[in-house]
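# Topology and contacts: notes
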Amino acid sequence: MGQNTFAQRFGYIDSEFILQKMPAYATAQADVEKLSKAWQQEIENMRAELDKLQKSYQAEEILLTPDMKTKRQEEIARKDAELREFQRKMFGFEGALFKRRQEMVRPVQDQLFEAVEKVVRQRGLNFMFDKSGDVVMLYTDPRHDYTEMVLEELGLASKESNTAGARPAGALKDNPADIPPLPAGTADPAPTQKKEPSRPAVPVKKKNN
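Residues numbered from 1 in each chain as written. Predicted model: local features only at pLDDT ≥ 70, side-chain atom pairs only at ≥ 80, totals over all residues. Heavy atoms only, no water.

### A short note on the packing of aromatic side chains
With the rule as written, the count across this model stands at 1 aromatic pair. Here phenylalanine 127 and phenylalanine 129 contribute two aromatic rings whose centre-to-centre distance is 6.3 Å and whose plane-to-plane angle is 15 degrees, an arrangement assigned as stacked. (Phe/Tyr/Trp six-rings, centres within 6.5 Å; stacked < 30°, edge-to-face > 60°.)

What follows is the structure, encoded as structure tokens:
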């Protein structure tokens, strides 16, 4: 059982770096940003209307009857509640913006996951970690970095698309034979240095006295 555990192959990618290279992801992000600005502008308009009501009330308060004051105060409180509720629904936890971003980005993420699955099958991996995810990776061997291979699967690996230095030096490129070696003691051990065969000892004949 221990030997099978050591024999398992693994790798990692930087999904955030890959997503930034995908045109569909950039389009989705731009659409979400446009929607966010539109809702933010609506909030600003509501806030401006609320400020106008508050200033008007403060300027006329001395001239208002108790009933008129109550009605104006209730109107201000209602506008303030509407503003807070709209802001919560649009930008709050799991609000409209969050859900809209998920809807627009999910197809791009699915495309990324499909490419990752293909690379995993092609390279015979058992695990694929995400360097930009929640997994804390204290050390990463660049030989196990499959980011470039996933980019190739997506048709994005080119000198024009990827700037120099985006991946660690020595990381896997496009050589199918360049598979990270298994740990020592497994079915695929690293080759050992050959030793020269020792010559058999020649028996020494004793002289007769």
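### Points about the nonpolar core
Grouped together as the largest cluster of nonpolar side chains are 34 residues, with contacts concentrated most on Ile18, Met22, Leu112, Val150 and Leu154. Breaking this core down by element, the ones donating at least two residues are α2 (15-21), α3 (23-60), α4 (66-91), α5 (96-123) and α6 (147-153). With 9 residues, the single largest contributor to this core is α5. Setting aside its immediate chain neighbours within four residues, methionine 22 contacts Val108, Gln111, Leu112, Leu154 and Leu156. (Core = buried A, V, L, I, M, F, W, Y, C linked by side-chain atoms within 4.5 Å. Buried < 20%, exposed > 50% of the residue type's maximum accessible area, 1.4 Å probe, protein only. Helix = DSSP H or I, 4+ residues; strand = E, 2+ residues; numbered from the N terminus. Contact = heavy atoms within 4.5 Å.)

### Regarding the pattern of salt bridges
For the structure shown, the criterion picks out 9 salt bridges. With a shortest N-O distance of 3.9 Å, glutamate 85 and lysine 89 are connected by a salt bridge. Taken as a pair, glutamate 85 and lysine 89 lie in helix α4 at a separation of 4 residues, close to a single helical turn. By sharing partners, the salt bridges in this structure join Glu85, Arg88 and Lys89 into a single network. (Salt bridge = Lys/Arg side-chain N within 4 Å of Asp/Glu carboxyl O.)

### Overview of the packing of α3 against α4
Running from N to C, α3 and α4 point in directions that differ by 165 degrees, and their axes come no closer than 10 Å. As judged from the angle between their axes, α3 and α4 are roughly antiparallel. The two elements α3 and α4 meet at a crossing, and its hand is left-handed. Here the residues of the contact of α3 with α4 are counted per class, giving 11 nonpolar, 6 polar and 10 charged. (Axes fitted to C-alpha atoms, helices over the stretch in contact; angles between N-to-C directions. Parallel < 35°, antiparallel > 145°, perpendicular 65-115°, else oblique. Left-handed = near helix turned anticlockwise from the far one by under 90°. Nonpolar A, V, L, I, M, F, W, Y, C, P; charged D, E, K, R; others polar.)

### Comments concerning the side chain of serine 36
Positionally, serine 36 belongs in helix α3. Discounting residues that sit within four places of it in the chain, serine 36 has contacts with Phe91 and Leu97.

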